[in-house]
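Structure at a glance
What follows is each chain in one-letter form.
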Amino acid sequence: MVAETVGFDAWLEVWRRLSADESLLHDGGQRMPKLRRYDAYLRFQRNRYIEALADRGMGVAQVARAVARNLREPLDEKHVAKIMRRR
């Protein structure tokens, strides 16, 4: 609902900043509604990217290199393979 109001990119920036402020994460929902950590969203998107590359027929080593190059997140090939198997 917020993303529809302010735009998706603006919402992502707000979410990232809220997630970085520890004082807002532990207030029991008194000031802010509970939100997942922004990092969880980034992991979700990374995993969708890995699955999309696997669907294109790329191998584990190729996917790991693509993630390191394009997302700047070096991952162990075993971890990449685990994500690819869940698909």
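Observations concerning the side chain of Asn47
- Among the secondary structure elements, Asn47 is positioned in helix 4 (residues 38-55).
- Excluding anything up to four places from it in sequence, Asn47 contacts Ile83 and Arg86.

A short note on the confidence of the model for the protein chain
- On average, residues of the protein chain score 89 in pLDDT, and 87% of them are at 70 or above.
- No element of the protein chain has a lower mean pLDDT than helix 3 (residues 22-25), which averages 66, and none a higher one than helix 5 (residues 60-70), which averages 98.

Section: the packing of aromatic side chains
- Summed over the entire model, instances satisfying the criterion amount to four aromatic pairs.
- Ring geometry for Trp11 and Trp15: centres 6.0 Å apart, planes at 15 degrees, overall stacked. Linking Trp11 with Trp15, this pair stays in helix 2 (residues 8-20), spanning four residues, or about one helical turn.
- Looking at Trp11, the relative accessible area reads 17%, which means it is buried.
- Judged by relative accessible area, which is 13%, Trp15 ranks as buried.
- Both rings, one in Trp15 and one in Tyr38, keep their centres 5.5 Å apart while their planes meet at 85 degrees; by these two values the pair is edge-to-face.

Digging into the pattern of salt bridges
- Summed over the entire model, instances satisfying the criterion amount to four salt bridges.
- Measuring nitrogen to oxygen at the nearest pair gives 2.5 Å for the salt bridge that ties Arg16 to Glu13. One end of the pair, Arg16, and the other, Glu13, are both in helix 2, three residues apart, so they sit about a helical turn from each other.
- A salt bridge links Arg48 to Glu51; its shortest N-O distance comes to 3.0 Å. Taken together, the residues Arg48 and Glu51, both in helix 4 and three residues apart, mark about one turn of the helix.
- The class for Arg48 is partly exposed, based on a relative accessible area of 31%.
- Residues participating in the shared-partner salt-bridge network are Glu13, Arg16 and Arg17.

What counts and how
- Residues numbered from 1 in each chain as written.
- Predicted model: local features only at pLDDT ≥ 70, side-chain atom pairs only at ≥ 80, totals over all residues.
- Heavy atoms only, no water.
- Helix = DSSP H or I, 4+ residues; strand = E, 2+ residues; numbered from the N terminus.
- Contact = heavy atoms within 4.5 Å.
- pLDDT = per-residue confidence, 0-100.
- Phe/Tyr/Trp six-rings, centres within 6.5 Å; stacked < 30°, edge-to-face > 60°.
- Buried < 20%, exposed > 50% of the residue type's maximum accessible area, 1.4 Å probe, protein only.
- Salt bridge = Lys/Arg side-chain N within 4 Å of Asp/Glu carboxyl O.

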